[in-house]
Amino acid sequence: MESLSYEFGPWNILRERKNMTPIIVGVVGSGNLEILLEDAELHGKSRFFVETSVSGFANTWQAVLRDFSEQQKFSNTLITINDGGATPAVVQLRLLQAAQQWKAQYED
Amino acid sequence: MLVEEKLWDTLLRNKRSRLERASHITDSKIVRNDDVVRLFEAVIESGDKVCVEGNNQKHADFLSEQLTLIDPGKINNLHIVQSNIALATHLDIFEKGIAKKLDFCYSGEQGIRLGRLIKENIVEVGAIHTYLELYSRYFVDLTPRVSIIAAQSADKHGNVYTGFNTEDTPPIVEATAFKNGVVIVQVNELVDEIPRIDIPCDWVSFVVQAPRPHYIEPIFTRDPALITEVQILMAMMVIKGIYEPYDINRLNHGIGFDTAAIELILPTYAESLGLRGKICEYMSVNPCPTLIPAIESGFVKNIHCAGSELGMEDYITARPDIFFNGPDGSMRSNRAFCQLAGHYADLFIGSTLQIDVEGNSSTATLNRIAGFGGAPNFGSDSRARRHSSKAWLMAGKESMKPENATMPRGRKLVVQIVETFKEKMQPTFVERLDAWQLMEDFQLDLPPVMVYGDDITHLVTEEGIAHLHKCKNLQEREQAIRGVAGYTPVGLNRNRDQVESLIARGIIQRPQELGIDPRMATRNLLAARSIKDLVSWSDGLYKPPKRFRNW
């Protein structure tokens, strides 16, 4: 077990949120992971908490989440990840799915 | 001047004396299975080139066992020329001093043992071939003197029915029989009348009924229950980013889970894009059960098979418009023709174990001699192709040209589909292939590369598609490869600006550029999510082997 946390941003992108409910994507299980996204007052930043069952991949997590943040620019968003040893491919897919779902709450 | 009279039929004379030596064992072509060792000692001679039919599915396993029992004091130094080294007995004859030299294509299960025997100088390898190369050499310099093959049934005259798994048999038998060699057939049953004649009796010297049916491995069955969402996402990218724009209608699929995922979303995702009747109509591929929904929903209209697959027999027989079935109704597969058909198709797609920054791919693993099989012929541009199609012309037009070249060319699409990491976080992308180390360890002439970088047109990972053939030079190509190599060390070493510009130019396309919603990449998109679903798509005609039944 390893706990990691990262912050990226800030971005001063103001978004009109239609719906303030948190979203959850994926499932906890071996080789899989779940991602929870919530609104939070973070001075325009996004913050990640990662709980992973596999230690020793902090550098990979940092690179994955940095790229994700630079692409999505989610300001004031708290993202919690429970990882059951997913491959980077699964992490990537779940993040893409989470981003799409999150954007659906402020885009028409 | 005295001219010595030259004999022009020494092979025929030699064959006659071999048969003469066997005349005390049988007065017909039928040999009792407890006489096989005596038969071998009568008709095989030291130094003979011998093929013990080992395909990747069916095996002359009984005769292969019997071959290990002959006396190496009487017969030795055999030169084995066969496609697959799959059974322990295939290598036992080397350890027992019966055989010495080996020319082959592929050694899956026996790869580690073969590696050891080569290092101990017990096996002397001539060369490792692709299937088509070895079949070709049967008609050049590796013609077998004795071929030992496997079939379903024979009649008392020696006419042979191969059953669905004809596989390698035609080139082996033709080369041997038409050069006055000896053909010995192991059959499951001797019957009064065989369903159809695959090998006429005058090509056959002896028939042995084995005490048990020959071994067949169900190697092409992929359980849809094991297909992951990442594989589904990649399958969506292949259909939207390659099959649709190029109108890929004549193709060859590998046999892994990645291509099974493509097959299983044809009736759902490709249907929703309006692609039925436009893509995937003609395939050269084994009768993989995961093709059933695409056949039933009218996508796939024609399939030629290299081999067969256990449990698919009744389904294939009931679909003669799709498969190549004989007048008796059962299929005749043919690996040589299927390899040719796939070589001249518009596209090959398959997976691999390692890819380097030049795009060369290899399935070679350290300490193991795995060989090639058929992938290099499928996964290479067909340079002698002259007929055109939209896909072939388009890929040719888009391709990087040698400097000052003016002649327009077409090009086959060769697609490698991989996840950036394999199990246990082993990166698929590497700076240097293990194949180089293997070349040193086994003193090979070249690193064993499955598909060369200059033959690949497209690389598909979970990160996106790299259109490698569109790159202007090798430096750009390398960045395109790094640009889809994810978080492997190769991927992390990308030049981020250059990758951005490759995305802007459409040379790298990610799901967002392709207009693919990753939320659709769920198992609900699969037309069948279990083996049981495949059975019901087939209306009960597909009868999966026990190990795949869990209901």
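Thresholds, definitions, all that
- Residues numbered from 1 in each chain as written.
- Chains lettered and ligands numbered in written order.
- Predicted model: local features only at pLDDT ≥ 70, side-chain atom pairs only at ≥ 80, totals over all residues.
- Domains from an automatic or database assignment.
- Contact = placed C-beta atoms within 7 Å.
- Helix = DSSP H or I, 4+ residues; strand = E, 2+ residues; numbered from the N terminus.
- Pairing = 2+ DSSP bridges.
- Axes fitted to C-alpha atoms, helices over the stretch in contact; angles between N-to-C directions.
- Buried ≥ 20, exposed ≤ 12 C-beta atoms within 10 Å, placed from the backbone.

**Q** Just checking my understanding: could you explain the domain arrangement of chain B for this structure?
**A** For interface size, the figure often reported is the accessible area lost on association. All names here are of chain B. Looking at the assigned domains, one finds that chain B contains domain 1 (28-209) and domain 2 (224-531). Between the C-alpha centres of domain 1 and domain 2 the distance comes to 33 Å. With 30 residues of domain 1 in contact, the opposing surface of domain 2 contributes 27 residues. Contributing elements (two or more residues each) for the side of domain 1 that touches domain 2: α5 (111-119), α6 (131-138) and α7 (169-177). In terms of residue count, the dominant contributor to the side of domain 1 that touches domain 2 is α5 (five residues).

**Q** Quick question: what am I supposed to make of the pairing of strand β2 (residues 23-26) of chain A here?
**A** Walk down a regular strand and you will see the side chains alternate between the two sheet faces. Residues and elements named next belong to chain A. Looking at chain direction, β2 and strand β3 (residues 33-39) are connected through four bridges and run antiparallel. Paired with Gly26 across the two strands is Glu34, which belongs to β3. If you look at the hairpin formed by β2 and β3, you'll find six residues sitting between the two strands, and Gly31 has a positive phi there, around 80°.

**Q** It is not clear to me how the interface of chain A and chain B should be interpreted in this structure. Could you clarify?
**A** Each partner contributes residues to the interface: chain A has 13 residues there, and chain B has 16 residues. Those elements that place two or more of their residues in the side of chain A that touches chain B are α1 (58-72) and α2 (88-103) of chain A.

**Q** Would you explain the sheet that holds strand β18 (residues 464-467) of chain B in this entry?
**A** Hydrogen bonds along the backbone pair up the strands of a sheet, which may run parallel or antiparallel. Residue and element names in this part refer to chain B. Strand order in the open sheet made by the eight strands is β12-β11-β10-β13-β16-β17-β18-β19, with mixed pairing throughout. The open sheet has two edge strands with one neighbour each: β12 (302-304) and β19 (508-509). In the sheet, strand β17 (residues 458-461) pairs with β18 via four bridges, with the strands oriented antiparallel. Bridge pairing in β18 places His458 opposite His467. Its contacts with the sheet put helix α8 (residues 229-246) on β13 (347-350), β16 (413-417), β17, β18 and β19, and the angle it makes with β16 is roughly 170°.

**Q** How should unusual backbone geometry be read in this particular structure?
**A** Outside of glycine, negative phi angles account for most residues, and trans bonds account for most peptide bonds. Residue A:Gly9 is joined to A:Pro10 through a cis peptide bond whose omega torsion reads 5°. When you line up the elements, A:Pro10 lands in the loop between β1 (2-8) and β2. Of note, B:Gln443 is a non-glycine position whose phi angle comes to about 50°, a positive value.

**Q** Explain helix α4 (residues 88-95) of chain B here, please?
**A** In an α-helix, one full turn covers 3.6 residues, which means residues spaced three or four apart are oriented alike. Residue and element names in this part refer to chain B. Buried residues of α4: Thr89, His90, Leu91, Ile93 and Phe94, and no others. Against β2 (49-52), α3 (61-67), β3 (78-81), β4 (99-104) and α5 lie the buried residues of α4. Directly after α4, the chain includes Gly97, whose backbone phi takes a positive value near 80°.

**Q** Which parts of the structure should I look at to understand the sheet that holds β1(A)?
**A** Residue and element names in this part refer to chain A. Sheet architecture is open: five strands sit in the order β1-β4-β5-β3-β2, paired in mixed fashion. Only two strands of the sheet have a single partner each, and these edge strands are β1 and β2. Looking at each pair of strands side by side, their axes are set apart by 15° on average, direction ignored. As defined by bridge partners, β1 adjoins strand β4 (residues 46-52) across seven bridges and the pair is classed as antiparallel. Bridge pairing links Leu4 to Val50 in β4.

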